[in-house]
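# Tertiary structure, described
So the chains spell out like this:
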Amino acid sequence: MGPVRISARVDYAVRAAVELAAVAPDSLTSDKIAQAQGIPARFLQAILGDLQHARLVTSQRGREGGYRLALPPEEVSIARVMRVEQGFLAEVHGQRPEDVAYPGAAEPLAQVWVAAREAYRRVLENVTLADVVAGKMPAQVAEMIELESAWRSFSLPDTE
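Predicted, not measured: the structure shown is a model, and the values here were computed from it. (Residues numbered from 1 in each chain as written. Predicted model: local features only at pLDDT ≥ 70, side-chain atom pairs only at ≥ 80, totals over all residues. Heavy atoms only, no water.)

## A short note on the overall build of the protein
Put simply, the test is: Counting from the N terminus, the helices are the DSSP runs of H or I reaching at least four residues and the strands are the DSSP runs of E reaching at least two. Note on classification: 1.4 Å probe, protein chains only; a residue is buried when its accessible area is under 20% of the maximum for its type, exposed when over 50%, partly exposed between these limits. The contact criterion used throughout is that any non-hydrogen atoms of two residues lie within 4.5 Å. Every accessible area reported is derived by Shrake-Rupley at a probe size of 1.4 Å, with residue values counting cover from the shown protein chains alone.
On a plain count of helices and strands, the protein comes out with seven helices and two strands. The order of α-helices and β-strands along the protein, N terminus first, is α-α-α-β-β-α-α-α-α. Across its three principal axes, the protein shows a C-alpha extent of roughly 65 × 35 × 35 Å. Across the 160 residues in the protein, those meeting the buried criterion constitute 29%. Once local pairs closer than 6 in sequence are excluded, the contacts in the protein between residues at least 24 apart make up 57%. As displayed, the protein has an accessible area near 10,500 Å², and 52% of this comes from carbon and sulfur atoms.

Written out as structure tokens, the structure reads:
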């Protein structure tokens, strides 16, 4: 499954959704979202189109126009926004973890990938746009944030 990689497109989609959550139920123009988050306008237009297609965002033309969340921010998980841009939250060589099968000694490894995806979900499914806007995470996520190890990246040992 490799490192958890969050593409620029996924990052931009979540940040745009958070901006909309911060003003909900009001709307924002794509220009305001782009400026607030430093997202290239052409990228943002495509992302907002994707979020509209997924029925997470609605748009309105005219003087009062702009984009708004289609649902209350407390009903939209980070995972839900991410899936609009990347499909599955976790995959192994383009397959869902439960569809992976290994021969021989590596057979149980597929179970590890399934568990890793579940750990990832426990954060992304439980944090909503409203949580991010409020800066207050659910208890189990807040506990993880407090871990010193959560703030460190582990790399290969030096080969000096």
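## Quick notes on the pattern of salt bridges
Close approach of charged atoms allows side chains with opposite charge to pair. Our working definition: Salt bridges are identified by distance alone: a Lys or Arg side-chain nitrogen within 4 Å of an Asp or Glu carboxyl oxygen.
Tallied over the entire structure, the rule returns eight salt bridges. The salt bridge partner of Asp11 is Arg15, with a shortest N-O separation of 2.8 Å. Linking Asp11 with Arg15, this pair stays in helix H1 (residues 8–23), spanning four residues, or about one helical turn. Among the residues examined, Arg15 registers a relative accessible area of 24% and is labelled partly exposed. Close ionic contact of Glu148 with Arg152 constitutes a salt bridge, the shortest N to O distance being 3.2 Å. By relative accessible area, which is 62% here, Glu148 ends up exposed. Because the salt bridges share partners, they merge into one network encompassing Arg9, Asp50 and Glu85.

## What to know about the packing of aromatic side chains
What counts is decided by this rule: Pairing of aromatic rings covers Phe, Tyr and the six-membered ring of Trp, with a centre-to-centre limit of 6.5 Å; geometry is then stacked below 30 degrees between planes, edge-to-face above 60, and tilted otherwise. The rule is short: NZ of Lys or CZ of Arg within 6 Å of the ring centre and within 35 degrees of the ring normal puts a charge over the ring.
All told, the structure shown has one aromatic pair when counted by the stated rule. For the ring pair Tyr12 and Phe43, a centre distance of 5.4 Å and an interplane angle of 70° mean the geometry is edge-to-face. Remark: Phe43 occurs in helix H3 (residues 41–53) and Tyr12 occurs in helix H1; sequence separation between them is 31 residues. A residue is classified by how much of its surface remains accessible, and Tyr12, at 14% relative accessible area, is buried. Assessed through its relative accessible area of 26%, Phe43 is described here as partly exposed. Looking at Arg42, its charged tip hangs above the ring of Phe43, at a distance of 5.4 Å from the centre.

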